[in-house]
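Residues per chain are reported as follows:
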Amino acid sequence: MNNKRTDRNYDVEYWLALSEKYFDALTTIEEEKTLAQFLASDAANDPAFNEIKVVMGYFSTGKSITQKAKKKRTIGKVTQWASIAACAAAIAYIGTQMGQDRTLAEPESKEIYYAYIDGKEYTDEEFVMQHMLATMSRMSSSGDNVIEQQMGAMFRINN
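Notes on the structure in this doc start here. (Residues numbered from 1 in each chain as written. Predicted model: local features only at pLDDT ≥ 70, side-chain atom pairs only at ≥ 80, totals over all residues. Heavy atoms only, no water.)

**A few points about the overall build of the protein**
Consideration 1: In terms of regular secondary structure, the protein is built from 6 helices and 2 strands.
Consideration 2: Its helices and strands in sequence order give the protein the pattern α-α-α-α-β-β-α-α, from N to C terminus.
Consideration 3: Classification of the 159 residues of the protein by burial places 14% in the buried group.
Consideration 4: Considering only contacts in the protein between residues 6 or more positions apart, those separated by 24 or more positions represent 28%.
Consideration 5: Here the protein displays about 13300 Å² of accessible surface, and carbon together with sulfur accounts for 58% of that area. (Helix = DSSP H or I, 4+ residues; strand = E, 2+ residues; numbered from the N terminus. Buried < 20%, exposed > 50% of the residue type's maximum accessible area, 1.4 Å probe, protein only. Contact = heavy atoms within 4.5 Å. Areas by Shrake-Rupley, 256 points an atom, 1.4 Å probe, with all protein chains shown as cover.)

**Describing the layout of surface pockets**
Consideration 1: Considering only enclosed or pocket space, the second largest pocket measures out at about 190 Å³ in volume.
Consideration 2: The wall of the second largest pocket is formed by Y22, I29, E32, K33, A36, M56, F59, S60 and K63.
Consideration 3: For the lining of the second largest pocket, the elements supplying multiple residues, two or more each, are α3 (29-40) and α4 (50-105).
Consideration 4: Here the lining of the second largest pocket is built from residues that sort into 5 nonpolar, 1 polar and 3 charged. (1 Å grid on protein atoms, 1.4 Å probe; cavity = no way out; pocket = protein on both sides within 12 Å on 5 of 7 lines; lining within 4 Å. Points joined across faces, edges and corners; volume = space filled by probe spheres on them. Nonpolar A, V, L, I, M, F, W, Y, C, P; charged D, E, K, R; others polar.)

**Some remarks on unusual backbone geometry**
Consideration 1: Located in the positive-phi region is A25, a residue other than glycine, with phi close to 60°.
Consideration 2: Looking at the element boundaries, A25 is found in the loop between α2 (12-23) and α3.
Consideration 3: The backbone of D118 sits at a positive phi, close to 50°, despite the residue not being glycine.
Consideration 4: Topologically, D118 is positioned in the loop between β1 (115-117) and β2 (120-122).
Consideration 5: According to the relative accessible area criterion, D118 is exposed, its value standing at 66%.

If you want it as structure tokens, here you go:
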């Protein structure tokens, strides 16, 4: 019997024991490969090996699908990053072009001043700036500097 094991012509009991070891997750990688090779051979046509063939076939198929999916994900990630980079470059290019068009159309940017006081619109720069400074000084001179008081002063709300 020991002679048979060195020739790799193992008996059915050995393969069934190795199958049990495989089901218990105690086989080494080499033992698992040897078992898979045996199950693929004509010597494993015994119905006692049908269960292990199904299980090993199932896991083999699962591994194959997983490996293919990983390759697709890698390709997908590269494509995804390339798409993101292309979009960013396009947005940067369009933004620069729009900025150049704006500077050509409006050589000087003019500041615009607006103040709305009692429903009236004021656009005079000096008046708007004076009113803004006056409002800010009133807000900063209030006693407690409580936010509610400052907002009430700004919007003329009596608390």
